[in-house]
Amino acid sequence: MNLLKTFELKDLTLKNRIVMSPMCQYSVTAKDGIPNDWHFSHYTSRAIGGTGLILMEMTDVEPDGRISDFDLGIWSDDHIPAFKKIIDSCHSYGAKVGIQIAHAGRKAEDADQPVSSTSVAFSDDYKAPRELTTKEVEQLVTKFELAFERAIKAGVDTIELHGAHGYLIHQFQSPLTNQRTDKYGDDKSLFGVEIIKAARRVLPEDMPLIMRISAVEYGPGGYDLDYSIDLAKRYKEAGVDMFDVSSGGESRNGPSSTGLGYQVDFANKFKQELNIPIIAVGRMDDTHFSNQVILDQKADLVAVGRGMLRNPYWANEASLALGGKKLTPKQLDAGYSI
Ligand SMILES: Cc1cc2nc3c(=O)[nH]c(=O)nc-3n(C[C@H](O)[C@H](O)[C@H](O)COP(=O)(O)O)c2cc1C
């Protein structure tokens, strides 16, 4: 097994184990959450570059669920065609595509009145959110379900749920931001579990569901790895097929080191404890290092973020560096002739 080997999970078959990590483009030309020419070129070029799985950026279930007004959304059927155009294009180059479905909660910076599990602001620079009523939380689960349906209509091969980085699902699962007295406070995994069950209601049975999760929190009183593994077990039982293991985001605090593979140990622990496929992310842009992580079976897939912003053909170059074949289309062959 190595980075260049195919990967299969349910109906999803990837030509290699390289994932484009979801990354908001904050594209000032994006209007009303609809992907535009920038997004089309951005994702298509990573497909041309040989990426096995492209996870499109955080895409929100309602307008005020966006971090900024320049983020993508999928709150109406009008959003579907632009996503479909991108997905069809990526498919034509052999990449598989997922959309990361999310809600920013109290980290929605442009919302007049952000909503959250809590009424406490993320920091002094952020607006104080309004605490959602129990009824409103239930309604949000429905908004996620409708978003999943639209993503499927747009042609996705998988969906990633954003349960990390201090956004709304994370806000509900963390004791730091969930001191509610209703059912969503009694069971901090309930909001996530209900969203996962909603996904399972509408996803084809053989379509895998991925969830990104923060394995640890770094702020004072933040949860630890045992806590997140316990959460993940409940999420797995509700229907998650693979975890994308990241960390932090609940506060301004972060890891003491952000060097090569700084989150791999979390991925490895998740793999051992959950016994399902795992994506490792976080400075995985050194090809040989990433390959070794797969060889050592610490993770099943490797997601590259900033490395792919710098170089859309990262996957192709990784393949060549590991003695594999050229992954780019014929039109680029001359670039590799001596
Ligand atoms: C510009 C930018 C935007 C990002 N947007 C998202 C996002 O939409 N969803 C998400 O889960 N992570 C997001 N991230 C985090 C990345 O997906 C990735 O986890 C992180 O950058 C670490 O990987 P890297 O070291 O390969 O960049 C973003 C990162 C960057 C640099």
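Quick look at the structure, then.

Cut-offs and rules
Residues numbered from 1 in each chain as written. Predicted model: local features only at pLDDT ≥ 70, side-chain atom pairs only at ≥ 80, totals over all residues. Heavy atoms only, no water. 1 Å grid on protein atoms, 1.4 Å probe; cavity = no way out; pocket = protein on both sides within 12 Å on 5 of 7 lines; lining within 4 Å. Points joined across faces, edges and corners; volume = space filled by probe spheres on them. Helix = DSSP H or I, 4+ residues; strand = E, 2+ residues; numbered from the N terminus. Nonpolar A, V, L, I, M, F, W, Y, C, P; charged D, E, K, R; others polar. Phe/Tyr/Trp six-rings, centres within 6.5 Å; stacked < 30°, edge-to-face > 60°. Buried < 20%, exposed > 50% of the residue type's maximum accessible area, 1.4 Å probe, protein only. Lys NZ or Arg CZ within 6 Å of the ring centre and 35° of its normal.

With that settled, the discussion passes to empty space enclosed by the protein. Taken as a whole and judged by the stated rule, the model has 1 cavity of 30 Å³ or more. Reported here for the largest cavity is a volume of approximately 40 Å³. Lining the largest cavity, in full, are R106, K107, F122, G166, H170, Q171, S174, T177, E217, G249 and E250.

What follows deals with the layout of surface pockets. By volume, the largest pocket amounts to about 880 Å³. In terms of lining residues, the largest pocket is bounded by 39 residues, among which H165, R212, S246, Y262 and R306 are the most central. Breaking the lining of the largest pocket down by element, the ones donating at least two residues are β4 (53–60), β13 (301–304) and α10 (306–310). When residues in the lining of the largest pocket are grouped by element, the largest group, 3 residues, is from α10. Split by residue class, the lining of the largest pocket holds 15 nonpolar, 16 polar and 8 charged. Here the second largest pocket defines a volume of roughly 200 Å³. Together, 14 residues line the second largest pocket, and R106, V120, L176, T177 and E250 are the ones closest to its centre. When its residues are assigned to classes, the lining of the second largest pocket shows 5 nonpolar, 7 polar and 2 charged.

With that settled, consider the packing of aromatic side chains. Ring pairs (aromatic) are described by centroid distance and by the angle formed between their planes. Within this structure, the stated rule accounts for 8 aromatic pairs. Taking 4.9 Å as the distance between ring centres and 80° as the angle between the ring planes, the aromatic pair formed by F122 and Y126 counts as edge-to-face. Its relative accessible area of 17% is what places Y126 among the buried residues. With a centroid separation of 4.5 Å and an interplanar angle of 40°, the aromatic rings of F172 and F191 are classed as tilted. Residue F172 is located in helix α4 (residues 168–173), and its partner F191 is located in helix α6 (residues 190–202); the two are separated by 19 residues in the primary sequence. Pair check on accessibility: F172 and F191 agree, each one buried. In this structure an aromatic cluster arises from ring pairing among F144, F148, F172, Y184 and F191. The ring of F122 carries the charged tip of K107 above its face, separated from the ring centre by 4.6 Å. Across from the ring centre of Y167, 4.7 Å away, lies the NZ or CZ of K107, which sits over that ring.

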